[in-house]
Amino acid sequence: MNFPILSSLILLPTIGALFIFFVRSSNSQYQSSKYVALFITLANFFLSLYLWIVFDKSIVDFQFVEEREWISGFVNYKVGVDGISILFILLTTFITPICVITVNATIKNRLKDFLIAILILETFMIGVFCSLDLVVFYLFFEAGLIPMFLIIGIWGGERRVYSAFKFFLYTLLGSVLMLIAIISIYWITGTTDVIKLYELGIDAKYQNLLWLAFFSSFAVKTPMWPVHTWLPDAHVEAPTAGSVLLAAILLKMAGYGFIRFSLGLFPDASLYFVPLVYILSLIAIIYTSLVALMQEDMKKLIAYSSVAHMGFVTLGIFTMTQQGIEGSIFQMISHGLVSAALFLCVGVVYDRLHTRLINRYGGLVSIMPKYAIVFMVFTLGALGLPGTSGFIGEFLVLMGAFKKNILVATIASLGVILGAAYMLWLYKRIIFGKLINEDVKKMVDLKRFEIVTLWLLVLPIIFFGFYPEPLINSIEVSVANMIDMNDLDKINKLALGD
Amino acid sequence: MENLQLIIPELFISIMIMFLLIFGVFKKNSSQLVYNLTTVSLVAALALIINLDPQIQSSLFNNSYNIDSLARFMKILLILSGIFVMLSSSKYIQISKISKIEYPILILCSILGMMVMISSNDLIVFYMGLELQSLALYVLASFNRDNLLSTESGLKYFVLSALSSGLLLYGCSLIYGFSETTNFNQIMVNTKEIEYGLTFGIVFILVGLAFKISAVPFHMWAPDVYQGSPTSVTVFFALLPKIAALTVFIRFLYIPFYELGDQWQMIIIFLSIASMVFGAVAAIGQKNLKRLIAYSSISHMGYALAGLSTGTTQGVQSSITYITIYLVMNLAFFSCLFMLKRNNEYYENIDDLSGLSKNHPLLSLSLLVVLFSLAGIPPLAGFFAKFYIFVAVINEKMYFLAIVGLLATVIAAFYYLRIIKIIYFDPEKEKFESKHNLGLKFTLVASTFFILTYFIYPSGIVDIISQIKIN
């Protein structure tokens, strides 16, 4: 049997967490546990990079599939990757070490526990992206709540308890319906194995209700308007590393779920509910962009911008076109990098001034030039300037949308303008302007580890902005297959009446 | 005579009860010794049960006493829980000054009663076991007789339980009247048609049984008794009577009245939904941990009943799985409770847990695991317990029950999270003692380990339980 590379990816962080847990702590060993975590997450990153290299992008099937009996005669532990999931795994393993590096400045107490929580969370996140069984997926999807709840609650800001509860209960409420749907699927088709389900298909008469049950879970997690309100709270109160993981990876679980399960398993229902998703996405894009314009708090602004960006993602997925879905995946990867970077940027100034209020800053360009440069790149990435990865994603999504519905696409394009407005205004208020506050003047420019982490994020954002080929290449076949297999094109044509 | 071989465990426990009673009276200051001997005799009884041929299926004493796979499994569960309860609470009863020779003997009596209940295949035998169990429990609840709350809880339990036993007995007499027999199998043969009297009989018996497992709306006693009794008795209350009562539920519903499923199914569904929802909502405002766990166990019994209400073998098996995992979780929770000790005083308010994680990281970690498991969050054992139940429920297309049940988990998650919040997010308080006896530590570690690693091999228990034949 081949080396179980996916299981090792899943297990490695947990092993690291156990190692940190069992090594006796003393103050001097705080540092060493950080190096252990960094080593483990980096090892995981290189492992997933290796996975990406050996992954055959021209094959439609799932690769590196491992299957083991788990709940006898019922559920098998089954993992595997296709072109879509492999990117999310890479994103996860890339962002996690960056989070580990940032704990330097942000986490003052219980560092060991924090590292354990992050490592355990990484296990669950990778598990979500490579599980090929609905029950296994649900298990990982829900389990991620536990470490995230603790991360927000223990290391968060002033209203952390409220935010942690809101985060946990919202997500749990959304997910329980999905559990019912998963069990129902088992009784309807006799399996929860995703590959088999793709082949079998689910009877159209069940699809609508099942789709809604899955939707309730993913809509909360995405988050879509009107169930997005947990996100700003959770983001604002979470420590920097928590916000980064939340924005970069946890939100992507839902987008990934939409593609893998909503489109893959219920194509008829997906088509039926397209108008609903369009409307909710458009509201998310326009309304939350307007809300973002009004924010006084940096993290809140970025959180609302996340909701707007995820609106593009859901819009793109449900255009059900090659460009739309590819654009959504690209947008998710890009948003994963950009939002992570933006939260890190907020973390940098928050560590120095301990406030996130925008009007307390101003004129940083003269005292923190290095910071101003990287922040500029990320701002431009967030508003989707050509040459950054943000552009490719939004462009493809809009291209898919124009194919389907010009009105929807036009309204969504307005969102791009609004996005530019709030991001540039944010940048102007923080970086430019007069240097008035005394304490702002004392702020020092980026430290070495901050430069490393931020530039690590600048590189892929610019690289994929100019040369998106590696990513597109990886997802192309899988997306085309997804569209082919479910006859999404044909369904589309029927719906359009030609 | 060869019949007697099959009830050796019961005989052994009866003999030990009499022996220990005499031994305790004649030997001065022997309470600790009697306690240890009780634990040892439970272990011996466990060995005797395991030693019986697992394939055996026989009915003794004129078909009134069943030795089968269900009885075997439930008895093993019962005595194992008994042993762990004894191990974890030995220190507690010394410190709370309730270490008297009667205490372990009463526990043995009630375990004997439960064993009779589990094996009973006849209304009279079942009632006898029930009363033997209950009488011992009345005394145990008020064992700390100098404590007002304990006395009150004993009295309350006695009065309400006597009432429910009366109802139950009346139900038995109705069933006897309409079916001319008290034997379960015989009842099935004699009651092919539905008669109102019979339905009333079923309802009365269900009321009595629902009282014993504290299902809503017959739950009133549970919070007071859980809070008032000494913690060592509360843990006993929370674990063992539930096993026995659930077994009787299974036998009673699935042997004599299996054909009349549509008569009792609605009742069980109602009990189940009411318990799940009420248990979850009422626990939110609680300040005392024991009271909170009382409401939580009401809610958990609702899920176990949901499995029963399906009327399928799969449903029953899921209920048995549920109760097994429930036992482990509660055992772990109470072991944590026994560790909240400072200067020979035990603490049981939620606020006392404030900031526990700073001073006692390992204890808080086990509490964290237990509470998330009770809330049913994957990948902990509690999730699988609920998962099996819902698999069985949805298989029967009872979507309403499934949705209500899952929404109740979300409500329940709130109060479990609240405890976690107090442990992990709140400022720290004074330290608790960190020295505990070996039995308690072992119980906690073993049960937490079980909860935490259940997901690695979930088939183990399910495979054993799927061997159980109901009728």
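Residues numbered from 1 in each chain as written. Chains lettered and ligands numbered in written order. Predicted model: local features only at pLDDT ≥ 70, side-chain atom pairs only at ≥ 80, totals over all residues. Heavy atoms only, no water.

Caption draft 1: Looking closely at the overall build of chain B. The number of helices and strands found in chain B is 20 helices and 4 strands. Computed over its C-alpha atoms, the radius of gyration of chain B comes to 21 Å, within 12% of the 23 Å expected for a compact globule of 471 residues. Overall, the C-alpha framework of chain B stretches about 65 × 60 × 40 Å when taken along its three principal axes. Counting over 471 residues, chain B shows a buried share of 66%. Looking at chain B alone, contacts between residues at least 24 apart form 80% of all its contacts between residues at least 6 apart. With an accessible surface of roughly 16900 Å², chain B has 65% of that area assigned to carbon and sulfur atoms. Here chain B contributes 28 positive and 25 negative side-chain charges, whose respective centroids are spaced 11 Å apart. (Helix = DSSP H or I, 4+ residues; strand = E, 2+ residues; numbered from the N terminus. Rg over C-alpha atoms; globule rule 2.2 N^0.38 Å. Buried < 20%, exposed > 50% of the residue type's maximum accessible area, 1.4 Å probe, protein only. Contact = heavy atoms within 4.5 Å. Areas by Shrake-Rupley, 256 points an atom, 1.4 Å probe, with all protein chains shown as cover. Lys, Arg positive; Asp, Glu negative; His and termini not counted. Charge placed at Lys NZ, Arg CZ, Asp CG, Glu CD.)

Caption draft 2: The arrangement of the side chain of Arg356(A) in detail. Along the polypeptide, Arg356(A) turns up in the loop between helix H15 (322-353) and helix H16 (364-367). Every residue in contact with Arg356(A), bar those within four places of it in the chain, is listed here: Val236(A), Glu296(A), Asp297(A), Met298(A), Lys299(A), Val346(A) and Tyr350(A).

Caption draft 3: The pairing of strand S1 (residues 63-71) of chain A, seen in detail. Note that S1(A) and strand S2 (residues 75-81) of chain A share 6 bridges and pair antiparallel. Across the sheet, Arg68(A) pairs through a bridge with Tyr77(A), a residue of S2(A). (Pairing = 2+ DSSP bridges.)

Caption draft 4: Main features of the nonpolar core. Ile95(A) and Phe378(A) are the most contacted members of the largest nonpolar core, which has 380 residues in total. For Phe378(A), the residues in contact, after removing those within four places along its chain, are Val338(A), Ala341(A), Leu342(A), Cys345(A), Leu454(A), Leu457(A), Val458(A) and Ile461(A). If you look at the next biggest cluster of nonpolar residues, it comprises 8 residues, including Tyr65(B), Ile67(B), Val116(B) and Val125(B). (Core = buried A, V, L, I, M, F, W, Y, C linked by side-chain atoms within 4.5 Å.)

Caption draft 5: Inspection of the confidence of the model for chain B at higher detail. For chain B, per-residue confidence averages 88 on the pLDDT scale, and residues scoring 70 or more make up 99% of the total. Predicted as a complex, the structure gets a pTM of 0.92 and an ipTM equal to 0.90. (pLDDT = per-residue confidence, 0-100.)

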